[in-house]
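# Survey of secondary and tertiary structure
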Amino acid sequence: MGRDVSGETLAAHNAVRSRAGVPPLVWSEKLAAVAQDWAQELIARGEFRHRPRDAKGHFGENLLEVRGASATVLPERVVAMRAEEASHYDYRSNHCSGVCGHYTQIAWRGNREVGCGVARGNRHEVWVCNYDPPGT
């Protein structure tokens with residue numbers, strides 16, 4: 001990922017989780033390596049899609065793609081962009097009134113570990129975060 005952003009990425013995840021009242025995650029180098037591998041593959045192929053479920057184990061996954069001249073996003077912003085979906089989620093009823101899957105992956109109580117990777121090339125950036133166990 002270039003400079004080590006694991007601490008910043010973990011802190012951003014745990015800030016979202018704290019607001020949701022769920023326990024913090026721990027950083028997983030294993031998940032980060034899997035995420036980094038997939039991010040690099042997506043950049044190399046010029047694709048943007050989730051990893052097939054039958055490959056490299058089954059983990060929860062969040063993706064973010066940025067294209068253009070300023071395709072460099074800080075880890076806090078990557079997590080915040082996914083956490084914006086919280087406004088569509090009702091905790092009491094466990095109901096989503098829009099798109100919530102990225103947010104619920106971050107804030108799912110059952111998650112214990114997270115690891116993220118980012119690849120850049122050709123004014124294109126792909127972030128991949130993996131979660132274990134996978135969220136629902």
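As the structure is a computational prediction, the values presented were derived from the model and not from experiment.

What counts and how
Residues numbered from 1 in each chain as written. Predicted model: local features only at pLDDT ≥ 70, side-chain atom pairs only at ≥ 80, totals over all residues. Heavy atoms only, no water. Pairing = 2+ DSSP bridges. Helix = DSSP H or I, 4+ residues; strand = E, 2+ residues; numbered from the N terminus. Contact = heavy atoms within 4.5 Å. Axes fitted to C-alpha atoms, helices over the stretch in contact; angles between N-to-C directions. Expected span 1.5 Å × (residues − 1). Buried < 20%, exposed > 50% of the residue type's maximum accessible area, 1.4 Å probe, protein only. pLDDT = per-residue confidence, 0-100.

## A look at the sheet that holds strand β1 (residues 26-27)
The mixed open sheet is built from four strands, whose spatial order is β1-β5-β6-β2. Two strands lie at the open edges of the sheet, namely β1 and β2 (60-67), each paired on one side alone. Two elements, β1 and strand β5 (residues 113-120), share two bridges in a ladder whose sense is parallel. Each residue of the ladder has a partner; that of Trp 27, found in β5, is Val 114. In this fold helix α2 (residues 29-45) packs onto β1, β2, β5 and β6 (124-132), with an angle of close to 25° to the strand it touches most, β5.

## A look at α2
End to end, α2 covers 24 Å across 17 residues, agreeing with the expected 24 Å (1.5 Å per residue, within 8%). Among the residues of α2, Leu 31, Ala 32, Val 34, Ala 35, Gln 36, Trp 38, Ala 39, Leu 42 and Ile 43 are the ones counted as buried. Of the residues one or two after α2, Gly 46 is the one with positive phi, at around 70°.

## Things to note about the confidence of the model for the chain
One rule of thumb: low pLDDT means the predicted coordinates there are not for detailed reading. Counting all residues, the mean pLDDT for the chain is 85, and 89% of those residues have values of 70 or more. Mean pLDDT values over the elements of the chain span from 76, in strand β4 (residues 95-96), up to 96, in β1.

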